[in-house]
Amino acid sequence: RSTVSIDASLVACTVCAEAKSYGNTIPFGAGPEEMWERIRMMTTDPQRIKKTDPGHPEVCIVYAFHKVFNPEEYEEIGARCRAGEIGCVECKKRLAEKMNALLADIHTKREELSKKPEYIKEVLDYGAQRARKEAEKTMAEVKTAMNVL
């Protein structure tokens, strides 16, 4: 079982609040096919025309994702890109493989839970009930502090 720790500033490929509406997010629960489609559409080095052209990985969001999800190969991929030895498609495929492997447990659990809508509702209701109790306590403290009834 692997754990994924994420540097949010690195993964935030879009600072814009509307990022999700642009369709450029990668949900952690995405299956392998959706993951590949999302990664396949990522922008890479705009100056790199041919696979053999030397690349500039520091301007490539795919390379930034490798730093988070594929740190073992990060330096090698950067060097191969700069030397024109790895193309953008191969780089994206490698990232998709790594992300799918790291997030496989999340995807599997999501698939399992999607088949249990009653259970999901129970969990949400239970959480709402607990949240309501905490909110009532907090509001009582606020009212006491403000000398309101």
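Let me begin by describing the structure that accompanies this report. As the structure is a computational prediction, the values presented were derived from the model and not from experiment.

**Structural notes on unusual backbone geometry**
Move 1: Positive phi values are uncommon outside glycine, yet Asn147 reaches one of about 55°.
Move 2: Within the secondary structure, Asn147 is located in the segment after α7 (117-145).

**Details of the nonpolar core**
Where a protein is soluble and globular, its nonpolar side chains tend to be buried together.
Move 1: Ranked by internal contacts, the top residues of the largest apolar core, which has 20 residues, are Ile26, Met35, Ile39, Met42, Phe65, Leu95 and Met99.
Move 2: Taken together, the elements giving at least two residues each to this core come down to α2 (32-40), α3 (61-69), α4 (74-82) and α5 (88-102).
Move 3: In terms of residue count, the dominant contributor to this core is α3 (five residues).
Move 4: Aside from chain neighbours lying at most four places away, what touches Ile39 is Ile26, Lys92, Leu95, Ala96 and Met99.

**Examining a nonpolar patch on the surface**
Move 1: Side chains of Met139, Val142, Met146, Val148 and Leu149 sit close together on the surface and give an oily, nonpolar patch of about 570 Å² of accessible area.
Move 2: Relative to the elements of secondary structure, Val148 occurs in the segment after α7.
Move 3: Take Val148: its relative accessible area is 42%, and that puts it in the partly exposed class.

**Description of the pattern of salt bridges**
Move 1: Applying the stated rule across the entire model yields nine salt bridges.
Move 2: For the salt bridge of Glu134 with Lys137, the shortest nitrogen-to-oxygen distance reads 3.4 Å. Of the two residues, Glu134 and Lys137 both sit in helix α7, three residues apart, roughly one turn of that helix.
Move 3: Overlapping salt bridges bring together Glu73, Arg94 and Glu97 as one network.

Here is what the cut-offs are and how they apply
Chains are numbered independently. Their residues run from 1 in the order of the written sequence. Given that this is a predicted model, residues contribute local features only at a pLDDT of at least 70 and side-chain atom pairs are listed and counted only at 80 or more, while totals for whole chains, interfaces and linings are drawn from all residues. Side-chain descriptors were evaluated using all non-hydrogen atoms of the structure, hydrogens and water having been removed beforehand. A run of DSSP states H or I qualifies as a helix once it reaches four residues; a run of E qualifies as a strand once it reaches two. Both are numbered from the N-terminal end. Take the buried residues of types Ala, Val, Leu, Ile, Met, Phe, Trp, Tyr and Cys, join any two whose side-chain atoms come within 4.5 Å, and each joined set is a nonpolar core. Relative accessibility under 20% of the residue-type maximum defines a buried residue, over 50% an exposed one, and the middle range a partly exposed one, all with a 1.4 Å probe and only protein chains included. Note on contacts: a residue pair is in contact if any heavy atoms of the two residues lie within 4.5 Å. Patch membership needs two things, relative accessible area over 30% and no salt bridge, and members are linked within 9 Å if like-charged or within 5 Å if nonpolar (Val, Leu, Ile, Met, Phe, Trp, Tyr). Each accessible area is a Shrake-Rupley result for a 1.4 Å probe, and residues are judged covered by the shown protein chains and nothing else. By convention in these notes, a salt bridge is any Lys or Arg side-chain nitrogen within 4 Å of a carboxyl oxygen on Asp or Glu.

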